[in-house]
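Report on the structure
The primary structure of each chain is shown beneath.
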Amino acid sequence: MRPRSLDEYVGQKHLVGEGAVLRKMIDAGRISSFILWGPPGVGKTTLAQIIAHKLEIPFYTLSAVTSGVKDVRDVIDRAKNNRFFSTASPILFIDEIHRFSKSQQDSLLGAVERGDVTLIGATTENPSFEVIRPLLSRCQLYVLQPLEKDDLLELLHRALTDDVELKKRHIEVRETDALLRYSGGDARKLLNILELVVEAAGEGDVEINDDVVVDRLQQNPLAYDKDGEMHYDIISAFIKSIRGSDPDAALYWMARMIEGGEDPKFIARRLVISAAEDVGLANPNALLLANAAFDAVNKLGWPEGRIPLAEAAVYLATSPKSNSAYLGIDAALALVRQTGNLPVPLHLRNAPTSLMKQLGYSDGYKYSHDFPGHFVVQQYMPDDLQTTRLWHAQHSPSEEKQYQWMLKCWGERFKE
C-alpha cells in the first residue's frame, strides 16, 4: 500500500500540496538536503522514495540502527562514482538519523557540503537536540504532522478497494472510532490493525466495528516514549495546565503520563517544582501538599500512588498563582552576576574575635527582636545596592498580607 507518487501520497499538504515548498522543489527537478521530523507512520520514508522516483536519480538508503561510519563512507563513495557531471546529486536517505553518533554525523558533512549526495534524513526526535549543529545548518528542516482523521479514512478506503487480498473479501466497516483512536495518526499502524482484524475474522464476511477492534487488539493504544519528544510535550502541557488553573486538563495530561508508563517520581517532582514556581507565596501550603504527595508516592507505589498525585495536581491547579519568589531569585542571581562580590556592610558581619570587634565588625547592628513589632529599619543590602528591589508582591490574597506588612515596615521603599 506504499504510495508511488505524490498524487497517491496522503497527508502533509503543507509540504507537498499544490504550491507547497517541497512540491515546488520536486516539480523544479532540484532539491537541497533536508531532514524530515515527525512521528512514526506519517510518510517520511515514502516521501523520500517518491522524490527519488520522481527525479529519476539514484537512491541510497542507510539505517542508523545498523550502519557505522564505514558504511556511511562506502555508500558516499558509491554515490560519487555513479554520478555524472550534469546529473543531480544521488539521494542518501538515512532513517532514524537521530541514532547516528557525532562521529557518524561528522562523516556526512563533507559529502553534503560538496554536493556529492543530497541528504534526506528522517527522525522521530527533535533534531535540535539529536543532530549536530554543522549538519543541521546544511539542511532544511521540514516537520511532518500526525495524519488527520480524513487522511486515515482515505487510507482505509484505499486499502479496502486497492489491496490485492483485501478486495477479494467482503469487508463492511460499520464504525471507525476505535480504528482511528488506536492508530493515533500513524498510517502504518492503521493498516496493521486492519490486517489483524481481517485475519482474526477467518473466512467469510468481515464486519468491523469498535468492539471488534478493541477485542482484537487488547493493548494500550497510547503513543508515549519516556525518552522521546512526546514525553516533554506532555509534561509541558501538564505543567501549563496547572499554571493556567485548569484542573481537568491537569488530570488528563497526568492520566496520559500514567497510562504511558511514566515514572511516578518524575510526576511528583514536577508537582513540587510547580508548587514553588507557579503557586508560590499565593498559597504556601501548596508546596507542603506537593511534597507530601511525593512522600506518599514513595510509600505507596502504583496504583494507589495516583491518588495523592491527583490530589496535589487538583490542589495546585485550583490554587491562586504567584511567581514572585521565582522572579525574585532570578533577579537576584542576575544582579549578583552583574555586580560581583560586593562587600558585606560592617554592621552585618559576625565578630567572634576581639580583632574583628576593633575593626568595627557587627558595630551598630540592631537586633530586630529588641524593637516593637520585631522590626527596626536598618541597611541589609551592600552599600551600592541600598535601594534595590528584587521581590515584587503580586497581590494575591495571601501575598497581599505580606505586602501590607512590608509597607508598614519599610514605607516608601516598598511602594510600587
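That block above? That's the structure.
Let me begin by describing the structure that accompanies this report. (Residues numbered from 1 in each chain as written. Predicted model: local features only at pLDDT ≥ 70, side-chain atom pairs only at ≥ 80, totals over all residues. Heavy atoms only, no water.)

**Describing the sheet that holds strand 3 (residues 91-95)**
In spatial order, the strands read 2-3-4-1-5; together these 5 strands make up an open sheet with parallel pairing. Both outer strands of the open sheet, strand 2 (59-63) and strand 5 (140-143), are each paired with one neighbouring strand and no more. Taking the axes of each pair of neighbouring strands and ignoring which way they run, one obtains an average angle of 20° across the sheet. (Pairing = 2+ DSSP bridges. Helix = DSSP H or I, 4+ residues; strand = E, 2+ residues; numbered from the N terminus. Axes fitted to C-alpha atoms, helices over the stretch in contact; angles between N-to-C directions.)

**Considering the nonpolar core**
Side chains of a nonpolar character, in soluble globular proteins, are inclined to be buried together. Ranked by size, the top nonpolar core spans 25 residues in total, and within it Leu22, Ile31, Phe34, Leu36, Leu47, Ile51 and Ile120 carry the most contacts. Elements supplying a minimum of two residues to this core: helix 1 (13-16), helix 2 (21-28), strand 1 (34-37), helix 3 (44-55), strand 3 and strand 4 (118-123). A total of 6 residues in this core trace back to one element, the largest contributor, which is helix 3. (Core = buried A, V, L, I, M, F, W, Y, C linked by side-chain atoms within 4.5 Å. Buried < 20%, exposed > 50% of the residue type's maximum accessible area, 1.4 Å probe, protein only.)

**Here we look at the packing of aromatic side chains**
Counted under the stated rule, the structure contains 3 aromatic pairs. With 6.1 Å between their ring centres and 20° between their planes, Phe59 and Phe93 make a pair best called stacked. In this pair, Phe59 is assigned in strand 2 and Phe93 in strand 3, connecting sequence segments 34 residues apart. (Phe/Tyr/Trp six-rings, centres within 6.5 Å; stacked < 30°, edge-to-face > 60°.)

**Here we look at the pattern of salt bridges**
Side-chain pairing between opposite charges can occur once the charged atoms of the two side chains come close. For the coordinates displayed, the defined rule picks out 11 salt bridges. Its salt-bridge partner being Lys102, residue Asp106 comes within 3.0 Å of it at the nearest N-O pair. Remark: Lys102 and Asp106 occur in helix 5 (residues 102-114); sequence separation between them is 4 residues, near one turn of the helix. A residue is classified by how much of its surface remains accessible, and Lys102, at 55% relative accessible area, is exposed. The residue Arg174 makes a salt bridge to Glu207 at a minimum N-O spacing of 3.1 Å. With Arg174 in the loop between strand 6 (171-173) and helix 9 (177-183) and Glu207 in strand 7 (residues 206-208), the pair connects residues that are 33 residues apart, well separated along the chain. (Salt bridge = Lys/Arg side-chain N within 4 Å of Asp/Glu carboxyl O.)

**Regarding helix 13 (residues 247-259)**
In a regular helix each residue adds 1.5 Å, so 13 residues correspond to 18 Å; helix 13 covers 18 Å between its end C-alpha atoms and thus fits that length. Among all positions in helix 13, only Ala249, Ala250, Met254, Arg256 and Met257 are buried. All buried residues of helix 13 lie within an arc of 155° about the axis, which places them on one face of the element. Structural note: helix 13 exposes Asp248 and Glu259 on the side pointing more than 90 degrees away from its buried face. (Expected span 1.5 Å × (residues − 1). Arc of directions from axis to C-beta.)

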